[in-house]
Each structure stands twice: as C-alpha cells, then as structure tokens.
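Okay, here's what each chain looks like letter by letter:
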Amino acid sequence: MKGYGETTKQIRIGKGYTQKHVAANLLTQGAFSKFENKNTDINLATMHGILNRLGITFEEFFYIQHGYQYSTRDEIITQFYRLSFNEETVLRGLSEKCQQYLRDFKEDQQVFHISIILEALIILAKTGDFERAKKMVEPVWRDLSKRNQLYITDLYMLNAILFLFPLPTVLQIKQFALRHLALYGNFRQVSRLKINISMNIALLLMKDNKFSKAQREILNAIYLCKKEHDFILLAICYVRKGICLNQLRLLGEKWIRKGVNMLITLEQFTLLEMVEEEIKQY
C-alpha cells in the first residue's frame, strides 16, 4: 500500500497539476515536496485542503491508495451496508472476511459487532432459531443502547437486529432511528438504510398478521426504491405489497406477478427462490 504522499503525487501528476498549484496557501512548496516524496506527516485540515484542490474525496483517495480497491475493513463495511436478505452463502462469505480481519485487528469493536450479527443471521437463515439468534446479538444491543448519538454504521447494525425486539418496541426504535437519520439529510447511504428499515419492519408486521400497517411500510419503501432506482428491492416490495393485499382480501396477484417478473428479468434467481418461499408462507 502506498503512503499518503506517494498517492497524492500519483493523483496530482495524473491530473496535470503542479506542486505550486496544489500546495498554494496550504503548505510551502518545499514542505509539499517532502510530503509527496518522503511521506512526511501533515495534519488533517491540510490533507482535506489538498484533496479538495485535487477534486478527490477521502473515500476515492483511500480506494486509489489501496490499488483501486477497498481496504479489507472498508469492504466489510460496504458489503454489510448492501445486505438486504439473509442469503446464507453471502452471509458466510462476509463472516469469513470479518474473522480474517479480526485476527490482525482484534480491537476493532465495530467489525467484531458486525461479525456477531452475521453469525446470528446465519443461524436464522439456516435454522430459523430466533431465540438463539437474539441471545447472540444482545451484546451489540447493550452497546448501542448506551449511546446518545448513533452514526450510519450503528444504524445499519440496529436495523439488522430488529428481530431482537417485540413489535411495539420495533416501532419505537424506528422513530428513534429516523431522528438520527434526519441529521444526515442526503448523505449517500441514508436512502438505502431507510428502505431496509421499512422492508424489515414490514416483514415483522406481516409475521404478526398486521397486513394493513405492513402495507404502509411497503408503500414507503416503494417510494424510496423508485427515487433511488433500486429495482431489485423494488421487485421485492411489489411481491410483499401483493401478499399484503391478498391477505386484506384485495387484488394482490398482479403485484406479485410484477415483482416476480422483475426478478426474472434482472436474473436475481436466488432472491426469486426466497420470495417464492414468502409467497407460499402467506
């Protein structure tokens, strides 16, 4: 992995900028040259100024620094954000990455908590043993419940362990989570998290035979899916909308067919099997 200075030099030359242009009002040209060529330390504010001048975000900078790929930790966090369904093979693959990473970074509490959640979700996917899964994730909840402020990864973890709580508590947690999410405005991962929360709460409501309330959550998720052009999750929402309408003695078959056909078109055959199981269940 390249040093910060070496990576900065690579980007600067690639963009055709001079040292004088990038360093202006941030560092002397001599100090900037030492940073690029000897990887000397600079403070965060100066680094932020350099990246702004280069037109590069911190995320893109670190991606380039790691040879145009995510670091192991960033890859774990990114894949965790993308989880929407308890597909056992995906969960196991991500769990193995966590275990490998934690061998070298045992103190990383965040990744440790993610690894616990993944093991609990694997148990749910494989055995359906809710009580055992709940017991596993209780330490994660104890940690999250002590915090006055939750951040994006905390909220993703909270969403992943909603099954721990009785339904009335889940609905209170939803309001708690949305208050924290409101602080993030249009931050990149927020819409996906809102979709996941609505879809998970809808599923819990369906399990509790509260199909009218589940339908409201699904309609909210559909709106967000369309806004984000997330057609895979939209297809799942259409299927669940159809299930709820059928349970409410309304016409839901066309929505189920629409969702199923979208998954076939998108070649999401594993998800198709999962929603077919949901259709059979209800």
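So, here is what we can say about the structure in this document. Remember, predicted model here, so these are calculated numbers, not experimental data.

**Some thoughts on the overall build of the protein**
Phase 1 of the analysis: A count of helical and extended segments in the protein gives 16 helices and zero strands.
Phase 2 of the analysis: Judged by the C-alpha coordinates and their principal axes, the protein covers about 75 × 35 × 35 Å.
Phase 3 of the analysis: Across the 282 residues of the protein, 43% fall into the buried class.
Phase 4 of the analysis: Contacts spanning at least 24 positions in sequence make up 59% of the contacts within the protein whose residues lie at least 6 apart.
Phase 5 of the analysis: As presented, the protein carries roughly 15,500 Å² of accessible surface, and 52% of it is formed by carbon and sulfur atoms.
Phase 6 of the analysis: When the 39 positive and 29 negative side-chain charges of the protein are each reduced to one mean point, those points stand 6 Å apart.

**Some remarks on the nonpolar core**
Phase 1 of the analysis: By size, the foremost hydrophobic cluster in this structure holds 76 residues, and its most contacted members are F80, I114, I117, V137 and M199.
Phase 2 of the analysis: Not counting the four nearest positions on each side in its chain, F80 is found in contact with L94, I114, I117, Y156, M157 and A160.
Phase 3 of the analysis: Core analysis: the second largest hydrophobic core is formed by 12 residues, I11, V22, F32 and L54 among them.

**Considerations on the layout of surface pockets**
Phase 1 of the analysis: Estimated volume of the largest pocket: approximately 940 Å³.
Phase 2 of the analysis: S84, F85, N86, N200 and L203 are, among the 32 residues lining the largest pocket, the residues nearest its centre.
Phase 3 of the analysis: Among the elements of the structure, α6 (72-82), α8 (109-127), α10 (152-160), α12 (190-207), α14 (231-247) and α16 (269-281) are those that each provide at least two residues to the lining of the largest pocket.
Phase 4 of the analysis: Counted by class, the lining of the largest pocket contains 21 nonpolar, seven polar and four charged residues.

**What about the environment of L272?**
Phase 1 of the analysis: Of note, L272 is situated in helix α16.
Phase 2 of the analysis: Accessibility expressed as a relative area gives 9% for L272, which makes it buried.
Phase 3 of the analysis: For the pair formed by L272 and V260, sequence separation is 12 residues and the distance between their alpha carbons is 6.7 Å.
Phase 4 of the analysis: Each residue touching L272, except ones within four places of it in the same chain, is listed here: V260, L263 and I264.

**So, the packing of α10 against α12**
Helix packing for two helices is described by the angle between their axes and how far apart those axes are.
Phase 1 of the analysis: For the pair α10 and α12, interaxial distance at closest approach is 10 Å and the crossing angle is 15 degrees. Relative to α12, α10 is oriented roughly parallel. Note that α10 runs across α12; the crossing there is left-handed. Counted together, I152, L155, Y156 and N159 of α10 and V190, R192, L193, N196, I197 and N200 of α12 form the full contact between these two elements.

**Observations regarding empty space enclosed by the protein**
Phase 1 of the analysis: Inspection of every chain in the model, using the stated rule, returns one cavity of 30 Å³ or more.
Phase 2 of the analysis: Lining the largest cavity we find L155, L158, N159, L162, I173, K174, A177 and I197.
Phase 3 of the analysis: Contributing elements (two or more residues each) for the lining of the largest cavity: α10 and α11 (167-182).
Phase 4 of the analysis: Taken together, the residues of the lining of the largest cavity break down into six nonpolar, one polar and one charged.

**Observations concerning the environment of E75**
Phase 1 of the analysis: Note on placement: E75 falls in helix α6.
Phase 2 of the analysis: The class for E75 is partly exposed, based on a relative accessible area of 27%.
Phase 3 of the analysis: Separated by 22 residues in sequence, E75 and K97 place their C-alpha atoms 9.0 Å apart.
Phase 4 of the analysis: In contact with E75, not counting residues within four places along its chain, are Y70 and K97.

Parameters at a glance
Residues numbered from 1 in each chain as written. Predicted model: local features only at pLDDT ≥ 70, side-chain atom pairs only at ≥ 80, totals over all residues. Heavy atoms only, no water. Helix = DSSP H or I, 4+ residues; strand = E, 2+ residues; numbered from the N terminus. Buried < 20%, exposed > 50% of the residue type's maximum accessible area, 1.4 Å probe, protein only. Contact = heavy atoms within 4.5 Å. Areas by Shrake-Rupley, 256 points an atom, 1.4 Å probe, with all protein chains shown as cover. Lys, Arg positive; Asp, Glu negative; His and termini not counted. Charge placed at Lys NZ, Arg CZ, Asp CG, Glu CD. Core = buried A, V, L, I, M, F, W, Y, C linked by side-chain atoms within 4.5 Å. 1 Å grid on protein atoms, 1.4 Å probe; cavity = no way out; pocket = protein on both sides within 12 Å on 5 of 7 lines; lining within 4 Å. Points joined across faces, edges and corners; volume = space filled by probe spheres on them. Nonpolar A, V, L, I, M, F, W, Y, C, P; charged D, E, K, R; others polar. Axes fitted to C-alpha atoms, helices over the stretch in contact; angles between N-to-C directions. Parallel < 35°, antiparallel > 145°, perpendicular 65-115°, else oblique. Left-handed = near helix turned anticlockwise from the far one by under 90°.

Any functional reading would require information that these geometric values do not contain.
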